[in-house]
Amino acid sequence: MWIDALYSAFDYLIKVIPPIIIGTLIMDIMVEMGWVNKLGFLAAPLMRFGNLREEIGLSFLTSFGSSAAGNSMIAKLHDDNHIDRKETIIATMVNSFPSGIVLSRDLLPVMVILLGTTGLIYLGIVVLIGFLKTLLALVAARILLTPRPSGNIHTNTEKITLREASVKALKRSRRSLTRIVVTMTIVSVIVFQLMDTGIFDWAASIMKDSFMVQYVPAEGLPIIAGWFASNIAAFTIAGNLLETGMLSPKDVILALLIGRILASVARIRTMLPYYVGIFSPKLGVKIMVVSLVMQNGIMLGIVGFIFVLF
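Residues numbered from 1 in each chain as written. Predicted model: local features only at pLDDT ≥ 70, side-chain atom pairs only at ≥ 80, totals over all residues. Heavy atoms only, no water.

### Here we look at the overall build of the protein chain
Heads up, the condition is: Going along the chain from the N terminus, every DSSP run of H or I of four or more residues is numbered as a helix, and every run of E of two or more is numbered as a strand. Each residue is placed in one exposure class: buried if its accessible area under a 1.4 Å probe, protein chains only, is under 20% of its type's maximum, exposed if it is over 50%, and partly exposed if it falls in between.
The helix and strand inventory of the protein chain stands at 14 helices and zero strands. For the protein chain, the N- to C-terminal ordering of α and β elements is α-α-α-α-α-α-α-α-α-α-α-α-α-α. Across the 310 residues that make up the protein chain, the buried fraction comes to 49%.

Below is the structure:
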């Protein structure tokens, strides 16, 4: 029913909007107090290699705590015209490694309990995917971008208190935060209503018939099907099949990776409102597409590597 979809949309918004707001405010407070110059050096070598502004390094570091907060910092830099669209897209991809660390950290207890050593190997692959995505983004940045000046976002050297900086940050962020919250709310409601109509289930049924399924034993197909419900469902099914000996660790890892690739369509239901909400609709869709293409391309390469060499 539409009311259930509406409830799901707001349940999703309650989880993602707070870290976005916090990340945006933190970025502005750091700018107001001049902390950008003081903390940017921590990730400066990576940023210099990719010809990125050192201020983007703050979002990279923040993403180790919350990817939503880190990406909202990038969006803020873009909204304030400190970085262009190309640099914004690349900077978002650079944050993939810390985001992979956060995902693996959150899944670690579940994976150890359900899949043991096999689960740890899978999480290691997840981290590797994020690392390779970040590495490719930095290489692309070095080729596509020219060196940018850094540390000049805030030229006011007057010292202010944290309270004064917070007040100024609230004033500066009010417009962008309003746009983010309104856009994300509207898109989330629409997407979750579409989910209620079954359109994503229809798209998922098409993906299940992909040629990639032939590389997974028949016993592993429930794992792929589980991905279209949730990652926890897929992990639970994988754990049961591994424990009963119906699948080897290699087959479980392949099924999980292939299922994750095929379930990309299902993940759009949460990725779309996330990226469109943080960034503008056009830019958000571009970032989502680039992220999915890079991630799935890397996973396909890893699947091929495992299938051929192991």
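### Section: the environment of S59
Spelled out, the test is: Whether two residues are in contact is decided by their heavy atoms, any of which lying within 4.5 Å being enough.
Tracing the sequence through the fold places S59 in helix α4 (residues 56–62). Considering only alpha carbons, one finds S59 and V94, 35 residues apart in sequence, at a separation of 9.6 Å. If we skip the residues at most four places from it in the chain, S59 touches G70, M73, I74 and N95.

### A closer look at unusual backbone geometry
Here the phi dihedral of N51 falls at roughly 55 degrees; this positive angle occurs in a residue that is not glycine. Looking at the element boundaries, N51 is found in the loop between α3 (44–49) and α4. One non-glycine residue, N81, lies in positive phi territory at about 65 degrees. Among the structural elements, N81 can be located in the loop between α5 (67–79) and α6 (85–94).

### With respect to the nonpolar core
Note the cut-off: What we call a nonpolar core is a set of buried Ala, Val, Leu, Ile, Met, Phe, Trp, Tyr and Cys residues that are connected through their side-chain atoms within 4.5 Å.
Membership of the largest hydrophobic core comes to 39 residues, with the highest contact counts inside it found for L52, V94 and F279. Mapped by element, the contributors of at least two residues to this core are α1 (2–33), α4, α5, α6, α7 (96–144), α8 (162–197), α13 (264–278) and α14 (281–309). Tallying contributions element by element places α1 first for this core, with seven residues. Beyond its immediate chain neighbours, meaning those up to four positions away, F279 contacts N71, I74, A75, T88, T92, R179, G284 and I287. Membership of the second largest hydrophobic core comes to 35 residues, among which are M111, I129, V216 and L257.

### As for the packing of α5 against α13
As a reminder of what qualifies: Only the stretch in contact is used when fitting a helix axis, every axis being a line fitted to C-alpha atoms; angles between N-to-C directions are given from 0 to 180 degrees. Put simply, Ala, Val, Leu, Ile, Met, Phe, Trp, Tyr, Cys and Pro go in the nonpolar bin, Asp, Glu, Lys and Arg in the charged bin, and everything else, Gly too, in the polar bin.
Two elements in contact, α5 and α13, have axes whose closest approach is 9 Å; the angle formed by their N-to-C orientations is 35 degrees. Contacts from S67, A68, N71, S72 and A75 in α5 reach Y274, Y275 and I278 in α13. Each residue belonging to the contact of α5 with α13 can be placed in one class, and the counts come to five nonpolar, three polar and no charged.

### Focus on the packing of aromatic side chains
Put simply, the test is: Only rings of Phe, Tyr and Trp enter the pairing, Trp through its six-membered ring, and a pair is recorded when the two centres are within 6.5 Å. The plane angle decides the type: under 30 degrees is stacked, over 60 is edge-to-face, the rest tilted.
Throughout the structure, instances matching the rule amount to six aromatic pairs. Geometrically, the ring pair formed by F60 and F64 is edge-to-face, given 5.5 Å between the ring centres and 90 degrees between the ring planes. Grouping aromatic residues by their ring pairs yields a cluster made of F60, F64, F97 and F131.

### A look at the packing of α6 against α14
To be explicit about the condition: Any angle that falls under 35 degrees is termed roughly parallel, while one over 145 is termed roughly antiparallel, one within 65 to 115 roughly perpendicular, and all others oblique. If you view the pair so one helix is near and one far, a crossing is left-handed when the near helix is turned anticlockwise from the far one by less than a right angle, and right-handed when it is turned clockwise.
Direction vectors running N to C along α6 and α14 enclose 45 degrees, while the axes themselves pass 10 Å from each other. Classed by the angle they form, the pair α6 and α14 counts as oblique. Helix-helix and strand crossings are classified by hand; for α6 and α14 the assignment is right-handed. Facing R85, T88, I89, T92 and M93 of α6, the residues of α14 in contact are K282, L283, K286, I287, V290, S291 and M294. Grouping the constituent residues of the contact of α6 with α14 by class yields six nonpolar, three polar and three charged.

### Comments concerning the side chain of S72
With respect to the element layout, S72 can be found in helix α5. Judged by relative accessible area, which is 1%, S72 ranks as buried.

### Observations regarding the environment of D196
Within the secondary structure, D196 sits in helix α8. Of the residues examined, D196 reaches a relative accessible area of 40% and is grouped as partly exposed. Along the backbone, D196 and L6 are 190 residues apart, and their C-alpha atoms lie at a distance of 9.6 Å.

### What about a nonpolar patch on the surface?
Using the following cut-off: The residues that make up patches have over 30% relative accessible area and no salt bridge, and they are joined within 9 Å when like-charged or within 5 Å when they are Val, Leu, Ile, Met, Phe, Trp or Tyr. Only the protein chains shown count as cover for residues, and the accessible areas themselves come from Shrake-Rupley with a 1.4 Å probe. The term salt bridge refers to a side-chain nitrogen of Lys or Arg lying within 4 Å of a carboxyl oxygen of Asp or Glu.
A grouping of F49, L128, F131, L135, V139, I143 and L144 is seen on the molecular surface, where their side chains present a nonpolar patch of about 630 Å² in accessible area. The leading source of residues in the nonpolar patch is α7, at six residues. Considering the arrangement of structural elements, one finds L144 in helix α7.

### Some points on α7
We apply this condition: By this rule the span expected of a helix is its residue count minus one, scaled by 1.5 Å. The quantity called bend is, for any residue, the angle between two axes fitted respectively to the seven residues ending at it and the seven beginning at it.
The end-to-end C-alpha distance of α7 is 19 Å, clearly below the 72 Å that 49 residues give at a rise of 1.5 Å each. Most pronounced at L115, the bend in α7 amounts to some 135 degrees.

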